[in-house]
Amino acid sequence: MDRVGGRVDLLKQMVGLFFKETDKLLPALHTAIAQQDMVKVQRNAHSIKGSASCFAAPPAVSAAVRLEFMGRDGDLTGAEDAYSLLELEIERLRQALTTYLQDTPHSSVSGKKQD
Amino acid sequence: MATILVVDDVALDRHLAGTLLEEHSGWSAVYADDGREALSLIKLKVPDLVLTDLQMPEMNGLELVEAIRRDYAHVPVILMTAHGSEDIAVAALKLGAASYVPKRDLARDLVPTTEKVLGMARVSWNQQQVLDCLVETELRFVLSNDPHHVQPLISHLQDHMTMMSLVDKGGLIRVGTALHESLINAMEHGNLELSSELRESEDIEAYRGLVETRRHLPPYQARRVLVTARFSRNEAVFVVQDDGVASTRPNCQTQRIRPIWENRAAAASS
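Rules of the game
Residues numbered from 1 in each chain as written. Chains lettered and ligands numbered in written order. Predicted model: local features only at pLDDT ≥ 70, side-chain atom pairs only at ≥ 80, totals over all residues. Heavy atoms only, no water. Core = buried A, V, L, I, M, F, W, Y, C linked by side-chain atoms within 4.5 Å. Buried < 20%, exposed > 50% of the residue type's maximum accessible area, 1.4 Å probe, protein only. Helix = DSSP H or I, 4+ residues; strand = E, 2+ residues; numbered from the N terminus. Contact = heavy atoms within 4.5 Å. Buried area = accessible area lost by both parts, 1.4 Å probe. Salt bridge = Lys/Arg side-chain N within 4 Å of Asp/Glu carboxyl O. Polar contact = N/O pair within 3.5 Å; in protein donor to acceptor, adjacent residues only side chain to side chain. Domains from an automatic or database assignment. Arc of directions from axis to C-beta. pLDDT = per-residue confidence, 0-100. Phe/Tyr/Trp six-rings, centres within 6.5 Å; stacked < 30°, edge-to-face > 60°. Lys NZ or Arg CZ within 6 Å of the ring centre and 35° of its normal. Axes fitted to C-alpha atoms, helices over the stretch in contact; angles between N-to-C directions. Parallel < 35°, antiparallel > 145°, perpendicular 65-115°, else oblique. Left-handed = near helix turned anticlockwise from the far one by under 90°. Nonpolar A, V, L, I, M, F, W, Y, C, P; charged D, E, K, R; others polar.

1. Thoughts on the nonpolar core
Point 1. By size, the foremost hydrophobic cluster in this structure holds 55 residues, and its most contacted members are Leu 29, Phe 55, Leu 67 and Leu 86 of chain A together with Leu 51 of chain B.
Point 2. The biggest single contributor to this core is helix α1 (residues 8-34) of chain A, with 12 residues.
Point 3. Ignoring any residue separated from it by four or fewer positions in sequence, one finds Leu 86 of chain A in contact with Leu 26, Leu 29, Ile 48, Ala 60, Ala 63, Ala 64 and Leu 67 of chain A.
Point 4. The next biggest cluster of nonpolar side chains, apart from the first, holds 25 residues, and it includes Val 175, Ile 184, Met 187 and Val 240 of chain B.

Below, the structure is given as structure tokens:
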């Protein structure tokens, strides 16, 4: 909440955008790992890291940083496991954000998982 | 109305910064994903201010600041810094970024920082407009023989040349070197009557001691160096005169500098 100056309206927009972005970025990262595309691994992991950073979520950020560095260093050893961990941490963060907004007066998550 | 270009590869940060800026009356935001896209947008329409992240793919914030300072020097840049980008932020500030806002403090600090930087940019722009109307100016300085006054005076004159866009960076260094030589020559060889041979001797400490002693003794202490600097659209002319004994050496030196648009920052002595 500090990051949005305590404003629920802005937080709701940010959470909605986070859902939208991670819906797009996670599959793109997974595809990049499968294709051994180091540039896209680094770039997508970097964007996920930046998105998670907005909500002060160290486990999700760390998991994304690990994959970003793998892409940067051109070594994807253990990338599938790292991806699974990242996916798990992002899902935890989504649930925490959803719960937080449900418990916050006059709010609902407008950007709930999009197809 | 001020247009602010927000540059960040993370959509959430772009959205947060852009929303906070657009809530301010009279500001509108345009967006770029990285430095390269930002430069393409700036080419199409120069914004009033650029707000940029530092760590981005393609072209990072440091490279963007460098390009903006080089090609759009009047456009101020504010950095958005995150944990881990401190070193690159320091480098960008050294390159000429106007200010920075930590990402965690955007909601609190972005608007006041942007107001401050836009305000300063307007003053600077207005000053430049006035300077563009300046056709000629003349400055006169009367110096004692204290060598410590030489470098500050040169810096002051170089600032004037920069303000009037008379020389580029290389030209400034050449002018500074030539003026330094002229001023030291006028003080030490002209007014204090110390020989060049003595200066070039191995015992530089003894020479410095002699300068220090003589500049407090009559008749040397009453002697002055008169510096006249005349700046116009076409040239800068520096005249350095001393009160030394004219029979042994010329006690007036003139240096004439042509502007950069003539592509010849030539200095001539007479």
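2. Considerations on the interface of chain A and chain B
Point 1. Counting residues at the interface gives 18 residues for chain A, matched by 16 residues for chain B.
Point 2. Taken together, both faces of the contact between chain A and chain B bury some 1,500 Å²; the carbon and sulfur share is 61%.
Point 3. Of all residues in chain A, the largest losses of buried area upon contact with chain B belong to Arg 3, Arg 43 and His 46 of chain A, amounting jointly to 37% of the total for that side.
Point 4. Across the contact surface, chain A and chain B share one salt bridge.
Point 5. Between Arg 7 of chain A and Glu 23 of chain B there is a salt bridge, and its shortest N-O distance comes to 2.5 Å.
Point 6. At the junction of chain A and chain B, the tally comes to four residue pairs in polar contact (both at pLDDT 80 or more).
Point 7. Of all the secondary structure elements, the ones that give two or more residues to the side of chain A that touches chain B are α1 and α2 (38-53) of chain A.

3. A word on the domain arrangement of chain B
Point 1. The domain architecture assigned to chain B consists of domain 1 (2-132) and domain 2 (136-262).
Point 2. Distance between the C-alpha centres of domain 1 of chain B and domain 2 of chain B: 41 Å.

4. Re helix α2 (residues 35-44) of chain B
Residues and elements named next belong to chain B.
Point 1. Taken together, the buried positions of α2 are Gly 35, Ala 38, Leu 39 and Ile 42. One side of α2 holds all its buried residues, which, seen down the axis, span an arc of 95°. Residues of α2 that are exposed and point over 90 degrees away from its buried face: Arg 36, Lys 43 and Leu 44.
Point 2. Elements in contact with the buried residues of α2: β1 (2-7), β2 (27-32), β3 (49-53) and α3 (61-71).
Point 3. The opening residue of α2, the one whose side-chain oxygen lies 3.0 Å from the backbone nitrogen of Arg 36, is Asp 34.

5. Things to note about the confidence of the model for chain A
All names here are of chain A.
Point 1. Per-residue pLDDT for chain A has a mean of 88; in total, 90% of the residues score no lower than 70.
Point 2. Predicted confidence in chain A is weakest over helix α4 (residues 79-103), with a mean pLDDT of 93, and strongest over helix α3 (residues 58-73), with 95.
Point 3. pLDDT under 50 marks residues 107-115. Its contacts with residues more than four places away, or in other chains, come to 20 contacts.

6. Considering the environment of His 160 of chain B
Residues and elements named next belong to chain B.
Point 1. Residue placement: His 160 occurs in helix α6 (residues 150-163).
Point 2. A residue is classified by how much of its surface remains accessible, and His 160, at 15% relative accessible area, is buried.
Point 3. With 71 residues separating them in the primary sequence, His 160 and Phe 231 have C-alpha atoms 8.0 Å apart.
Point 4. Here His 160 is in contact with Leu 139 and Phe 231, once residues within four sequence places are set aside.

7. Describing the packing of aromatic side chains
Point 1. A full pass over the atoms with the stated rule returns two aromatic pairs over all chains.
Point 2. Considering the side-chain rings of Phe 18 of chain A and Phe 55 of chain A, the 5.2 Å spacing of their centres and the 70° angle between planes classify their relative orientation as edge-to-face. Of this pair, Phe 18 of chain A sits in helix α1 while Phe 55 of chain A sits in the loop between α2 and α3; the two residues are 37 residues apart in sequence, bridging distant segments of the chain. Exposure class is identical for Phe 18 of chain A and Phe 55 of chain A. Each is buried.
Point 3. Ring centres of Phe 231 of chain B and Phe 238 of chain B lie 5.8 Å apart, and the angle between their planes is 80°; on these two criteria the pair is classed as edge-to-face.
Point 4. A relative accessible area of 0% places Phe 231 of chain B in the buried class.
Point 5. The positively charged end of Arg 72 of chain A is found above the aromatic ring belonging to Phe 69 of chain A, 4.2 Å away from the centroid.

8. Topic: the packing of α2 of chain A against α3 of chain A
Residue and element names in this part refer to chain A.
Point 1. Packing of α2 against α3 leaves a shortest axis separation of 7 Å and a crossing angle of 160°. By the criterion of interaxial angle, the relationship of α2 to α3 is roughly antiparallel. At the point where α2 passes α3, the crossing takes the left-handed sense. On α3, the residues touching Met 38, Val 41, Gln 42, Ala 45, His 46, Ile 48, Lys 49, Ala 52 and Ser 53 of α2 are Ala 60, Val 61, Ala 64, Val 65, Leu 67, Glu 68, Met 70, Gly 71 and Arg 72.
Point 2. In the contact of α2 with α3, the residues fall into 11 nonpolar, four polar and three charged.

9. Structural notes on the pattern of salt bridges
Point 1. Scanning all chains against the criterion turns up 20 salt bridges over all chains.
Point 2. Of the charged contacts, one joins Asp 9 of chain A and Arg 7 of chain A as a salt bridge, the two residues approaching to 3.1 Å between their closest N and O atoms.
Point 3. A relative accessible area of 25% places Arg 7 of chain A in the partly exposed class.
Point 4. Measuring nitrogen to oxygen at the nearest pair gives 3.2 Å for the salt bridge that ties Arg 92 of chain A to Glu 89 of chain A. Separated by three residues within a single helix, Arg 92 of chain A and Glu 89 of chain A lie in helix α4, roughly one turn from each other.
Point 5. Exposure remark for Arg 92 of chain A: the relative accessible area of 48% places this residue in the partly exposed category.
Point 6. Through salt bridges with shared partners, one network takes in Asp 8, Asp 13, Asp 53 and Lys 103 of chain B.

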